[in-house]
Amino acid sequence: MELAGKRRRCYFVTLSPMQGMEMRIYFTEIGELARIELPQGYRLIEPMVHGLDPSMNTIDW
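Worth saying up front: this structure is predicted, and the values here are computed from it rather than measured.

(A) View of the overall build of the protein chain. If you tally the helices and strands in the protein chain, you get one helix and six strands. Each helix and strand of the protein chain, placed in order from N terminus to C terminus, yields the pattern β-β-β-β-β-β-α. When the 61 residues of the protein chain are sorted by exposure, 18% land in the buried category. The long-range share in the protein chain, meaning contacts at least 24 apart out of those at least 6 apart in sequence, stands at 16%. Element-wise, carbon and sulfur atoms account for 55% of the exposed surface of the protein chain, whose accessible area totals about 5100 Å².

So, in C-alpha cells, the structure goes:
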C-alpha cells in the first residue's frame, strides 16, 4: 500500500456485512488504522498516516 508517498507493508481485513456489500479495512504494520474502503467506491482515510495534513508534520514552539 502507498502511504505518505512510499510503498509500505500493510494488513487488511475484508468484511461482508450483507451479500454484495464488501468493505476492506487496512492497517499499518504497527496496527494503526490507515484506510477503510466502503461499497460504492467510498473511502475513509486517516490523514496523518497518509501524509495529507502538512500542519501535522511540523511542531510549532
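(B) Highlighting the pattern of salt bridges. Applying the stated criterion to the full structure yields three salt bridges. A salt bridge links Arg9 to Glu29; the nearest nitrogen and oxygen atoms lie 3.7 Å apart. In this pair, Arg9 sits in the loop between strand E2 (6-7) and strand E3 (10-18) while Glu29 sits in the loop between strand E4 (21-28) and strand E5 (33-37), placing the two residues 20 residues apart along the sequence. Members of the salt-bridge network, linked through shared partners, are Arg35, Glu37 and Arg43.

(C) Quick peek at the sheet that holds E4. The antiparallel open sheet is built from four strands, whose spatial order is E3-E4-E5-E6. Two strands lie at the open edges of the sheet, namely E3 and strand E6 (43-45), each paired on one side alone. Going from strand to strand, the sheet's axes swing by 15 degrees on average, the running direction of each strand aside. Sheet analysis places E5 next to E6, joined by three bridges and oriented antiparallel. By the bridge assignment for E6, Arg35 is matched with Ile45.

(D) How the structure looks around the pairing of E4. Where E3 lies against E4, seven bridges are found, and the strand directions are antiparallel. Across the sheet, residue Cys10 finds its bridge partner in E4, namely Thr28. Note that E4 and E5 share four bridges and pair antiparallel. Pairing of Tyr26 across the sheet is with Arg35, part of E5. In this structure, the hairpin formed by E4 and E5 is closed by a connection of four residues, where Gly31 is found at a positive phi of approximately 95 degrees.

Rules behind the numbers
Residues numbered from 1 in each chain as written. Predicted model: local features only at pLDDT ≥ 70, side-chain atom pairs only at ≥ 80, totals over all residues. Heavy atoms only, no water. Helix = DSSP H or I, 4+ residues; strand = E, 2+ residues; numbered from the N terminus. Buried < 20%, exposed > 50% of the residue type's maximum accessible area, 1.4 Å probe, protein only. Contact = heavy atoms within 4.5 Å. Areas by Shrake-Rupley, 256 points an atom, 1.4 Å probe, with all protein chains shown as cover. Salt bridge = Lys/Arg side-chain N within 4 Å of Asp/Glu carboxyl O. Pairing = 2+ DSSP bridges. Axes fitted to C-alpha atoms, helices over the stretch in contact; angles between N-to-C directions.

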